[in-house]
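Letter by letter, the chains look like this.
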Amino acid sequence: RWKARMLGFLAFLLLIIAVFALSITRISLAKANRRERGRLRHARRYTLSTGMAAEVEIIRAGVMAIQERIRDLAQDRPIPTTASATLGLPSATFWNANAERLYVLPVEITVPLLRFHALPEDAVRKLAVASAIPASTIMTVLEKLSGAGKQSVEAIEHAMGIARKVPDTTPPPPKTMNPTAS
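Note that the coordinates shown come from a computational prediction; the quantities given were computed from them, not determined experimentally. (Residues numbered from 1 in each chain as written. Predicted model: local features only at pLDDT ≥ 70, side-chain atom pairs only at ≥ 80, totals over all residues. Heavy atoms only, no water.)

## Some remarks on the overall build of the protein
Across its full length, the protein carries five helices and zero strands. On the principal axes, the C-alpha backbone points of the protein span a range of 110 × 70 × 20 Å. The buried share of the protein, reckoned over its 182 residues, is 28%. The contacts in the protein between residues at least 6 apart in sequence include a share of 80% that link residues at least 24 apart. For the protein, the exposed surface amounts to about 13,100 Å²; the carbon and sulfur share of it is 62%. Of the side-chain charges in the protein, 25 are positive and 14 negative, and the distance between the mean point of each set is 21 Å. (Helix = DSSP H or I, 4+ residues; strand = E, 2+ residues; numbered from the N terminus. Buried < 20%, exposed > 50% of the residue type's maximum accessible area, 1.4 Å probe, protein only. Contact = heavy atoms within 4.5 Å. Areas by Shrake-Rupley, 256 points an atom, 1.4 Å probe, with all protein chains shown as cover. Lys, Arg positive; Asp, Glu negative; His and termini not counted. Charge placed at Lys NZ, Arg CZ, Asp CG, Glu CD.)

So, in C-alpha cells, the structure goes:
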C-alpha cells in the first residue's frame, strides 16, 4: 500500500515535470523562431534598402552625366536637337520590380524613396521635349531629381546604419633617410 502511494506520487511528480518541461521547451522554441524571423526581416529590409539605394545612385549618375553635357549650353535656349536626342535617364527596374515590397522598409526610408521616384517621370517628359524648352528648365528638373536622390540615399544609409567609407586623400608622409645609417 505504501509502495503504491509512493509510485502514484512519483508518477504525479513526473507528470508535473513533463508539463513544465514541455511548456519551457515551447517557450524557448517560440523565442528562437521569433529571433530567426527578426533576422530574416532585417536581412530583407537591408537587401531591399541597399538595392534601392544602388538604383537611386545609378539614376543620379545618369542625371549628373546629362547635367555635365548641357551645363555649357545657353540656358535660355532649347537644347539642340542633335544633343537632345541622346539624353535619357536609366530606368528604375529594381523599383518597378519591388514596389509592392515597400511595406518591409521603415517609413523614414519609404517616404524619401517615394518622393524620388515621383520625379523621374517629369524629367523624362522634359528630356523628350528638350529641343523645345529652355535648357534651364531641364537643369532645374535634373537638380530636383539629384537632390531627392541624395536625400533618399542618405535616409537609407542613416536608417540602416550604413557608413560610407571616404577614401583617404592625404598624401603619405615623406620618407626620411636615416643620417646615422651607412
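Right, picking up where we left off after that structure.
## Focus on the environment of L142
Relative to the elements of secondary structure, L142 occurs in helix α5 (residues 135–160). On the basis of relative accessibility, which here comes to 1%, the residue L142 falls in the buried class. The spatial distance from the C-alpha of L142 to the C-alpha of A30 is 50 Å, given a sequence separation of 112 residues. Not counting the four nearest positions on each side in its chain, L142 is found in contact with V63, I66, Q67 and I70.

## Some thoughts on α5
Relative to the 38 Å expected for 26 residues at 1.5 Å per residue, α5 spans 37 Å between its end C-alpha atoms, a close match to the ideal helical length. Trailing α5 by a residue or two, G161 shows a phi angle of about 70°, which is positive. (Expected span 1.5 Å × (residues − 1).)

## As for the packing of helix α4 (residues 107–128) against α5
It is the contact of α4 with α5, at a shortest axis distance of 9 Å, that shows an interaxial angle of 160°. Overall, the two elements α4 and α5 adopt an arrangement that is roughly antiparallel. For the crossing formed where α4 meets α5, the hand is left-handed. Across the contact of α4 with α5, the residue classes tally to 16 nonpolar, four polar and four charged. (Axes fitted to C-alpha atoms, helices over the stretch in contact; angles between N-to-C directions. Parallel < 35°, antiparallel > 145°, perpendicular 65-115°, else oblique. Left-handed = near helix turned anticlockwise from the far one by under 90°. Nonpolar A, V, L, I, M, F, W, Y, C, P; charged D, E, K, R; others polar.)

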